[in-house]
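Topology and contacts: notes
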Amino acid sequence: MALKRFWTALLPSLRRLAPLSTAPAAREQPGAGSGAVPGHGAAETVRPPVPAVDFGNAQEAYRSRRSWELARSLLVLRLCASPALLARHEQLLHFARKLLGQRLFDRLMKMTFYGQFVAGEDQESIRPLIQHNKAFGVGSILDYGVEEDLSPEEAERKEMESCTSAAERDGSGISKRERQYQAHHAFGDRRDGVISARTYFYANEAKCDCHMETFLRCIEASGGACEDGFSAIKLTALGRPQFLLQFSDVLTKWRRFFHQMAAEQGQAGLAAMDTKLEVAALQESIAKMGIASRAEIEGWFRVETLGVSGTVDLLDWSGLVDSRTKLSQHLVVPNTQTGQLEPLLSRFTEEEELQMTRMLQRMDILARDAYDNVTLDVELARREGWCFGAKLVRGAYMAQERARAAEIGYEDPINPTYEATNAMYHRCLDYVLEELKHNEKAAVMVASHNEDTVRFTLCRMEELGLHPADRQVYFGQLLGMCDQISFPLGQAGFPVYKYVPYGPVMEVLPYLSRRALENSSLMKGAQRERQLLWQELKRRLRTGSLFYRPA
């Protein structure tokens, strides 16, 4: 019964899998009649030509910044480029706080690192910055940037407790999860080597409820600050990571079972959306395995659920596991090594089932990645008629994931080289952009500090006829970084957003540490940014406009 309730609760979420649940609303274009539909499909909409975007024009890039802000950016980015300083930054911050006292330390931080990367302490104090950026064409993705400052030992303890079930902890059960989805002491502190993403550690259900309330307030603040803002939400803040690991394990095994059936039908190696199983042969295979009786199996494959094609693709396969087919009662797949049937999911204790239910109530989506998954998500959106939205990022856990795979003994899921990662990113992006050309209900955010990737996107938009006024392609960068990309895009009319964290000084210090480390890892881009900042400062000195104030 626990498993059946689990799948009944989970499947509505699985059937809506996508990095964003809805695409951003399009704006009505000037000149369109009251009945016109915004977007590139509205023939009656007259749109202005797309201005050229120049990422090398320092004067235009920093038109929104006062000279002292440029000087602060130069100072902070230069300090971030010092390996010796970064190696001891935590000790230096502690010493400065002890020497100056809390009040002067807070003021120093607001004049330097905090002022560069954080918008303010609360929802009210961040409004001026949000409105100022918006006046220059740049929107905001709000994030309450408070993070726990845990020791590595405490982080490891919390992680191991929250990633294992009660049966695994007391020794009464052995984890049958894939190695990839089992907790490991060597990687208990998930912050190690990760500088591009916040890491939450599970404490208790009350803490998860607090995170949910924080996210809701952040959404309210985003809605109150601008008409089309975003908020950043991370699912690991909303429940025990044990359940996310188990969900991932289930999805992986269920998909592997599908591809095993495909291999038996001579379809090994085909792309995900090109693989289609013959229903008659599939029924025969499942019956031989003893998963269910033939009468039960025939009830799973009905015309009203699968159509009249006589075949099953991966999306149909995923849709089988719900209360209508009653396949959730069986939930067993063959172990590829032993050949024995094993349950997809171990049973929960009463407390674990309650925690899982609460987690599913807090979240509505689960994220997927890689090219096959992008194509599947797009196809599912087409079939079910909902808006497809995705935020494409290169990933924050690549080095840690590679080391974890080598240590624990599973296939490395990461692209082998930086160039291969770029190729995969551009391949996924290109597929989504092609979809946007034909689907006004789809949208994508290109979250990248890579100037080449942004140029690639602009080029493909022009080739595909995707106009920035359609508001289907969004761009995103971090506050305090890559203004030479964000502001030229915004001033040219492209939807572009800054990731805007806020929170009290002492509580966002872990975030500031990661920003400093990230700048050191992006030396090429940061060096170009420093050159442009210095170029603009020198121009203002030469022209007597050092006290320039943005209009």
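Going by what an unreviewed UniProt entry lists, the chain is known as Proline dehydrogenase and is assigned to Microcebus murinus. UniProt lists a comment for the chain under the heading Function (unreviewed entry), and it reads "Converts proline to delta-1-pyrroline-5-carboxylate." In its Pathway (unreviewed entry) section, the UniProt record describing the chain reads: "Amino-acid degradation; L-proline degradation into L-glutamate; L-glutamate from L-proline: step 1/2."

A separate point is the overall build of the chain. Helix and strand content of the chain: 23 helices and 10 strands. Across the 551 residues that make up the chain, the buried fraction comes to 49%. Sequence-distant contacts in the chain: of pairs separated by 6 or more residues, those separated by 24 or more amount to 76%. Within the structure as shown, the chain displays about 26,400 Å² of accessible surface, and the carbon and sulfur contribution to it stands at 54%.

Let's shift gears to helix α17 (residues 371-384). An α-helix turns once every 3.6 residues. As a result, residues three or four positions apart point the same way. With 14 residues, α17 should reach 20 Å at 1.5 Å per residue; the first-to-last C-alpha distance of 20 Å fits that figure. Following α17 by one or two positions, G385 adopts a phi angle in the positive range, close to 80°.

The next thing to look at is the packing of aromatic side chains. Counted under the stated rule, the structure contains 10 aromatic pairs. Relative to Y474, the ring of F230 lies with its centre 5.7 Å away and its plane at 90°, an arrangement referred to as edge-to-face. Linking F230 in strand β2 (residues 230-231) with Y474 in strand β9 (residues 473-478), this pair joins segments that are 244 residues apart in sequence. Given the relative accessible area of 2%, Y474 is considered buried. An angle of 75° between the planes, with centres 5.5 Å apart, marks the rings of F257 and W317 as edge-to-face. Of this pair, F257 sits in helix α11 (residues 241-264) while W317 sits in helix α15 (residues 314-319), and the two are 60 residues apart along the sequence. One exposure class covers both F257 and W317, and it is buried. One aromatic cluster in this structure is built from W254, F257, F258 and W317. Above the plane of the ring of Y371 lies R427, whose end atom (NZ or CZ) is 3.6 Å from the centre.

Extensive coverage of strand β10 (residues 496-502) is indicated by the burial of seven of its seven residues. Burial along β10 is two-sided: the residues V496, K498, V500 and Y502 and Y497, Y499 and P501 are all buried. The pairing of strand β1 (residues 138-144) with β10 spans seven bridges and is classified as parallel. Each bridged residue has a counterpart across the sheet, and for Y144 the counterpart in β10 is Y502. Between the parallel pair β9 and β10, the chain is carried across by helix α21 (residues 483-491), and the sense of this crossover is right-handed.

Before going further, it helps to examine unusual backbone geometry. Positive phi, normally seen in glycine, also occurs at R471, with a value near 50°. Take R471: it is sitting in the loop between α20 (451-464) and β9. Unlike most non-glycine residues, C482 shows phi in positive territory, near 60°. Locating C482 in the fold gives a position in the loop between β9 and α21. The class for C482 is buried, based on a relative accessible area of 5%.

What follows deals with the nonpolar core. Membership of the largest hydrophobic core comes to 58 residues, with the highest contact counts inside it found for F301, W317, L458, V473, F475 and L489. Sequence-distant contacts of L458, defined by excluding residues within four places in its chain, comprise V53, F55, F475, L489 and F494. One finds F105, F113, M445 and V508 within the second-largest nonpolar core, a separate group that totals 26 residues.

Before going further, it helps to examine the pattern of salt bridges. The full count for this structure, using the stated rule, is 18 salt bridges. Here R455 and E451 are joined by a salt bridge, their closest N and O atoms 2.8 Å apart. Placement of both R455 and E451 in helix α20 is noted, with a separation of four residues, approximately one turn of the helix. The class of R455 is partly exposed, set by a relative accessible area of 37%. Given the relative accessible area of 15%, E451 is considered buried. One continuous salt-bridge network, built from bridges that share partners, spans D313, D316, E379, R382, R383 and E435.

This brings us to the environment of H467. Note on placement: H467 falls in the loop between α20 and β9. Separated by 417 residues in the primary sequence, H467 and V50 have C-alpha atoms spaced 7.2 Å apart. In this view, H467 contacts R47, P48, P49, V50 and M461; residues no more than four positions away in its chain are not counted. A polar atom in the side chain of H467 sits 2.9 Å from the backbone nitrogen of A469.

The next subject is the side chain of S64. Secondary-structure assignment places S64 in the loop between α2 (58-61) and α3 (67-80). Classification of S64 as buried rests on a relative accessible area of 0%. Not counting chain neighbours up to four residues away, the residues in contact with S64 comprise E69, H132, F136, F487 and P550.

Definitions and limits used
Residues numbered from 1 in each chain as written. Predicted model: local features only at pLDDT ≥ 70, side-chain atom pairs only at ≥ 80, totals over all residues. Heavy atoms only, no water. UniProt positions renumbered as here; feature names shortened; annotations may be inferred. Helix = DSSP H or I, 4+ residues; strand = E, 2+ residues; numbered from the N terminus. Buried < 20%, exposed > 50% of the residue type's maximum accessible area, 1.4 Å probe, protein only. Contact = heavy atoms within 4.5 Å. Areas by Shrake-Rupley, 256 points an atom, 1.4 Å probe, with all protein chains shown as cover. Expected span 1.5 Å × (residues − 1). Phe/Tyr/Trp six-rings, centres within 6.5 Å; stacked < 30°, edge-to-face > 60°. Lys NZ or Arg CZ within 6 Å of the ring centre and 35° of its normal. Pairing = 2+ DSSP bridges. Right-handed = clockwise from strand over helix to strand, strands pointing away. Core = buried A, V, L, I, M, F, W, Y, C linked by side-chain atoms within 4.5 Å. Salt bridge = Lys/Arg side-chain N within 4 Å of Asp/Glu carboxyl O. Polar contact = N/O pair within 3.5 Å; in protein donor to acceptor, adjacent residues only side chain to side chain.

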